[in-house]
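Coordinates in review
Single-letter residue listing:
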Amino acid sequence: MTDLNLDHIERLVEPGRVHRRVYTDPEIFDLEMDRIFGRIWVFVGHESQIPRPGDWIRGRMGARQVIVTRDEAGALNVLDNRCSHRGMRICLKDSGHSRRLVCPYHGWAFNHDGALAGVPAPRGYTKKSTDLTDPAFALKSAPRVDLYRGFIFASMAPDGPGLVEFLGDIAAALDNAVDRAPDGEVEFAGGVVRQEFAGNWKMHMENACDLVHPGYVHQSSVDAARDHLRDASPGSIPQQAIQMFNGNGISLDEWDALGVYGFENGHCYMDGFYRGGMVDPAMADPVFTRYRALMVDRYGEDRTAEILGRDTFNNLIYPNISINTRFQQFRVIQPVAVNRTHIYSYSMRLKGAPEEMFEMSVRFVSTANSPSSPVSSDDFAIFEGAQAALANGDSEWLDFSRRLGDEQKTGKAAVRDSGTSELPMRTQLNAWRNLMGVP
Amino acid sequence: MRNAGKIDDLLFIREIEEFLFLEARLLDGRDFQAWADLFADDGVYWVPMREGQHDPLTEHSIFHDDKAMLDVRVRRLLHPENYAQIPASRTRHVIGNVVLDSKDLLHVRSNLVMFEYRQDAQRVFGADVQHHLRRAGDGFRIVLKRVDLVNCDAVHGYMSVPF
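Everything numeric in this text was worked out from a predicted model, so none of it was measured. (Residues numbered from 1 in each chain as written. Chains lettered and ligands numbered in written order. Predicted model: local features only at pLDDT ≥ 70, side-chain atom pairs only at ≥ 80, totals over all residues.)

Scanning chain B from terminus to terminus reveals three helices and six strands. Along its sequence from the N terminus, chain B presents helices and strands in the succession α-α-β-β-α-β-β-β-β. The globule rule puts the C-alpha radius of gyration for 163 residues at 15 Å, and the 16 Å found for chain B is close to it. Principal-axis analysis of the C-alpha atoms places the extent of chain B at approximately 60 × 30 × 30 Å. (Helix = DSSP H or I, 4+ residues; strand = E, 2+ residues; numbered from the N terminus. Rg over C-alpha atoms; globule rule 2.2 N^0.38 Å.)

With that settled, consider the interface of chain B and chain A. Opposite the 29 residues of chain B that make contact, chain A presents 38 residues. Sorting the residues of the side of chain B that touches chain A by element identifies β2 (61-65) and α3 (67-77) of chain B as the ones contributing at least two each. It is α3(B) that provides the largest number of residues to the side of chain B that touches chain A, a total of seven residues. Tallied by class, the residues present in the side of chain B that touches chain A amount to 13 nonpolar, nine polar and seven charged. (Contact = placed C-beta atoms within 7 Å. Nonpolar A, V, L, I, M, F, W, Y, C, P; charged D, E, K, R; others polar.)

Within the largest apolar cluster, 149 residues are counted, with the highest numbers of intra-cluster contacts made by Val42(A), Val44(A), Val68(A), Phe245(A) and Leu316(A). Per-domain counts for this core show at least three residues from each of domain 1 (42-161) and domain 2 (167-436) of chain A. (Core = buried A, V, L, I, M, F, W, Y, C linked by C-beta atoms within 7 Å. Buried ≥ 20, exposed ≤ 12 C-beta atoms within 10 Å, placed from the backbone. Domains from an automatic or database assignment.)

Let's shift gears to the pairing of strand β21 (residues 414-418) of chain A. All names here are of chain A. Relative to β21, strand β13 (residues 259-263) runs antiparallel, the two sharing five bridges. Looking at the pairing, Gly 262 lines up with Val 415 of β21. Note that strand β20 (residues 408-409) and β21 share two bridges and pair antiparallel. Bridged to Gln 408 within β21 is Arg 416. (Pairing = 2+ DSSP bridges.)

Residues and elements named next belong to chain A. Pairing is antiparallel in the open sheet, where four strands are placed in the order β5-β4-β3-β6. Edge strands, defined here as strands with exactly one partner in the open sheet, are β5 (76-80) and β6 (95-97). The sheet shows a mean angle of 30° between the axes of neighbouring strands, taken without regard to direction. Two elements, strand β3 (residues 55-61) and strand β4 (residues 64-70), share six bridges in a ladder whose sense is antiparallel. Paired with Met 61 across the strands is Arg 64, a residue of β4. (Axes fitted to C-alpha atoms, helices over the stretch in contact; angles between N-to-C directions.)

Here is the structure:
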């Protein structure tokens, strides 16, 4: 047993190791919902999901269930999906369009900015009983909502760093996702893929830039893809996902030749790790050639080369976003309980690009990021195994010390290390420690 | 005469049912390579993510495998270090309500219940299944197998054994 208690939460995270309670303690999970998801900027949706006034979608800020609306003035609002009358969920579907948000229980109606617009038979409320103009009867709204190039974020803290300051240099990943569209805009399309695993949300984030695990966890899909490619008829171009499965099989020396990067506030990313397939700028794929020509029309040759040359794989916005710009993938890691996590995966359609680019992205999600994925199902099996093993036992600490102290400063607020470093996990856990230590 | 035609129809449906039962037996017996071999070279295995989904190219799916991806999937299912299958799933596919949507086009419709037991837990899936078949010698090849799960748009855990 340990004498660690929640008054000294910073003691749970040391420079190279972390206490297992960080992954297993329901009280710590509740604190994360308050001190991380209840304070910092959290992604709640994309502008393309609510293009018209009156549109709304449901979203999550950690355990908090919200409605993201576009009101009559065109402004974005993030409201609790909970009626101020008796607590009923107001929106029961994932998305919709309506003049007002009406609670199904007693018909209380709200504007899209959360203000109470009316109640049935208001004569039942007199000055003596109730003041319906009291702002407490509005739907609770996030005090700060901001947009970065179409991506909607909200913060439950009335003040703090602005969104641009919070994102810092990881904004380059969102920029690159949008810049890859010839028309300079992306939209979320193709529907959302929702998956779950019985493990803590941080495991998924820590795994996303862990470059030692692929050669072990993904051995089966590496071998399957490699053997398939060996036996395939010569000249056939395999789909992206099979290329990616195969790409996971590079050696530890090759992983180490890549960089992993950590930023202030817990963001991080990794370099791209395989070449080949339709999205490889060096390939003469006819669809990619057409796409590239549209990009050159829009941005010119040099800028196009710069945009398409940004070769990264997973880009992580703390606390729970994973972006892959080359495949137009956007994933949200939704904490549900200390030992239960949902993953929402989206495809970003590049406006102005050939439709085949979007189809490639959809196929990639259906194959590599869906419940049937030969890659992520092994990750989830590992997370579930780790969660079950951490739940109890004498082994109190998890180790994250690989290449600790070897990171080099690069740029104002970033550090870099060789691929197999556990720098990305330490970057996230350091942000966790800083946020969780503030009462 | 009418009875003779009727008997021909019944024999034909029975022939198709036997093909579906064979497919189920291969899956439950984990003979995944033989299962994949039932697909034509241009065959597609598709499990949509939305009720009434029209297109696997513009909307995400749970499975969307061409013959190449089926080959990768089968090789991985048989790999000893497939952690999502340690321990392996035990499954039972139950097929019923088999009807011919089109006798000429060999479009077959059936209901499927699949029990899957793994790691102390049992999952049950129900589905509306469409097979588009092609004559190949004495038997059939699958051109399209579309599996519409009752809970297609649920939040799913990972899936290994095909439906």
